[in-house]
Amino acid sequence: MGVEPMGTRRKITSRLLVLCVFCLMLPYLSFAADESGFERRAAKVAQSRINTKLSASVLIGIVNPAVEFKVMKHFTVQLDAFGSFYTTDFLGTGKPFVLGSGFLEFRYYPRLAFSGFYVAPNIGFGVYKLNKGLVFRYTDQYEGDCYQHGSNVMAGLTIGYQWNIDHHWSIEVAWGGGFQQSVYQGYRRESKDEPYEMYVDRNASAEWPILYKGGVFVGYRF
């Protein structure tokens with residue numbers, strides 16, 4: 001049975017944590033524009049009705065598109081999807097990470113829709129075939145050649161910041177998490193010459209709190 005070295009897991013976890021911190025700080029590193037300038041841009045941007053977006057995660061083969069609709073002066077509704085298709089080796093870990101999920105958010109912007117800080121309750125549903133050792137809280141578990149296949153429901157809160165480059169283009173940083181409940185089956189094998197065998201039949205797990213969505217997005221408004 002192959003066991004992933006502890007040092008490799010720690011390096012991957014450290015790099016992902018550094019990336020998360022950088023993404024959270026990004027909006028505040030360059031948004032030093034004066035208040036009057038911000039308000040003028042925000043008023044013009046608020047005339048838009050739809051914002052289409054794509055996450056920077058596409059650079060590593062993970063697709064995360066989103067569409068945001070303005071419903072009121074300070075409120076929007078967003079639909080987004082997430083797709084990962086690593087069947088055998090996610091970023092050099094040797095573990096599968098196949099995941100499809102969708103989310104609905106209802107966003108509140110204190111200033112104006114599509115501009116600045118926002119907070120949003122979210123709900124989502126997903127299906128997956130992955131090794132749960134890729135999840136931060138389980139990095140010391142699920143070692144060897146195994147995977148879990150199931151579905152989950154999620155509900156929580158998203159916080160983010162949307163920076164408007166001009167009337168049409170924007171950059172957004174967002175992270176969301178909360179409660180998730182999953183039902184899955186577990187499969188494993190002792191060597192690559194053997195077929196996978198079920199070792200867990202219809203297990204369930206629940207986690208709180210947990211981070212399950214977010215990233216850096218490039219948007220175009222209409």
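The following paragraphs examine the structure supplied in this document. (Residues numbered from 1 in each chain as written. Predicted model: local features only at pLDDT ≥ 70, side-chain atom pairs only at ≥ 80, totals over all residues. Heavy atoms only, no water.)

**Things to note about the environment of Tyr108**
Definition in use: Strands here mean DSSP runs of E at least two residues long; helices mean DSSP runs of H or I at least four residues long; both are numbered from the N terminus. Summary of the burial criterion: residues with accessible area below 20% of their type's maximum are buried, those above 50% are exposed, and those between are partly exposed, where the area comes from a 1.4 Å probe applied to protein chains only. We call two residues in contact when some of their heavy atoms are within 4.5 Å.
With respect to the helices and strands, the residue Tyr108 is situated in strand 4 (residues 97-108). Look at Tyr108 and you get partly exposed, because its relative accessible area is 35%. Taking the C-alpha atoms as reference points, Tyr108 and His74, 34 residues apart in sequence, are found 5.8 Å from one another. Excluding anything up to four places from it in sequence, Tyr108 contacts His74, Phe75, Phe117, Tyr118 and Val119.

**So, unusual backbone geometry**
Residue Pro209 is bonded to the preceding Trp208 through a cis peptide linkage, with omega at -10°. Relative to the helices and strands, Pro209 is located in strand 8 (residues 197-221). Phi at Phe114 is positive, roughly 75°, even though this residue is not glycine. The topology assignment puts Phe114 in the loop between strand 4 and strand 5 (116-130). Here Phe114 falls in the buried class, since its relative accessible area comes to 0%.

**Focus on the pattern of salt bridges**
The line we're drawing: For salt bridges, the criterion is a side-chain nitrogen of Lys or Arg within 4 Å of an Asp or Glu carboxyl oxygen.
Under the counting rule described, the total for this entry stands at 8 salt bridges. Close ionic contact of Lys213 with Glu105 constitutes a salt bridge, the shortest N to O distance being 2.6 Å. Of the two residues, Lys213 is situated in strand 8 and Glu105 in strand 4; the sequence distance between them amounts to 108 residues. Taking relative accessible area as the criterion, Lys213 reaches 11% and is therefore assigned buried. Put simply, Lys53, Glu68, Asp80, Glu105, Arg107, Glu172 and Lys213 are held in one network by salt bridges that share partners.

**Observations regarding the sheet that holds strand 5**
Definition in use: For two strands to be treated as a pair, DSSP must find no fewer than two bridges joining them. Every axis corresponds to a line fitted to the C-alpha atoms, with the helix fit spanning only the stretch in contact, and the corresponding angles, defined between N-to-C directions, vary from 0 to 180 degrees.
With antiparallel pairing, 8 strands are arranged side by side around a closed barrel as 1-2-3-4-5-6-7-8. Between one strand axis and the next, the sheet turns through 20° on average, direction left out of account. Sheet topology places strand 1 (residues 50-55) next to strand 8; 5 bridges connect them, and they run antiparallel. Looking at strand 8, one finds that Leu54 is bridged to Val218.

**Some words on the pairing of strand 3 (residues 75-86)**
Here 5 bridges tie strand 2 (residues 65-70) to strand 3, and the two strands are oriented antiparallel to one another. Its bridge partner lying in strand 3, Phe69 is registered against Val77. Here strand 2 folds back onto strand 3 in antiparallel fashion, the turn holding 4 residues. Direction of pairing for strand 3 relative to strand 4: antiparallel, over a ladder of 12 bridges. The residue bridging Phe75 from the neighbouring strand is Tyr108, located in strand 4.

**Considerations on the packing of aromatic side chains**
We apply this condition: Stacked, edge-to-face and tilted are the three classes for Phe, Tyr and Trp ring pairs, Trp counted by its six-membered ring, which pair at centre distances within 6.5 Å; planes under 30 degrees apart are stacked, over 60 edge-to-face, the rest tilted.
The final tally for this structure, using the stated rule, is 11 aromatic pairs. Taking 4.7 Å as the distance between ring centres and 45° as the angle between the ring planes, the aromatic pair formed by Phe90 and Phe97 counts as tilted. This pair shows no difference in class: Phe90 is buried, exactly as Phe97 is. Both rings, one in Tyr220 and one in Phe222, keep their centres 5.1 Å apart while their planes meet at 75°; by these two values the pair is edge-to-face. Residue classification places Tyr220 among the partly exposed positions, given a relative accessible area of 27%. In this structure Phe222 comes out as exposed when scored by relative accessible area, which is 56%.

**Some details on the nonpolar core**
Heads up, the rule is: Working definition of a nonpolar core: buried Ala, Val, Leu, Ile, Met, Phe, Trp, Tyr and Cys residues. They are joined through side-chain atoms within 4.5 Å.
Ile62, Phe90, Phe97, Leu99, Tyr128, Leu130, Tyr138, Tyr142, Cys146 and Tyr184 together form the largest nonpolar core, which totals 10 residues. Elements that contribute at least two residues to this core include exactly strand 4 and strand 5.

**Points about a negative patch on the surface**
Here is the rule: Residues enter patches when they are more than 30% accessible in relative terms and free of salt bridges; like-charged ones are connected within 9 Å and nonpolar ones (Val, Leu, Ile, Met, Phe, Trp, Tyr) within 5 Å. Per-residue accessibility takes into account occlusion by the displayed protein chains alone, with areas from the Shrake-Rupley method and a 1.4 Å probe. For the purpose of counting charges, residues Lys and Arg are taken to be positive, whereas Asp and Glu are taken to be negative. His and the chain ends are not included. A single reference atom marks each charge: NZ on Lys, CZ on Arg, CG on Asp, CD on Glu.
Among the surface-exposed residues, Glu190, Asp193, Glu194 and Glu197 lie close enough to one another that they form a single negatively charged patch. For Glu190, the location among the structural elements is in the loop between strand 7 (169-188) and strand 8.

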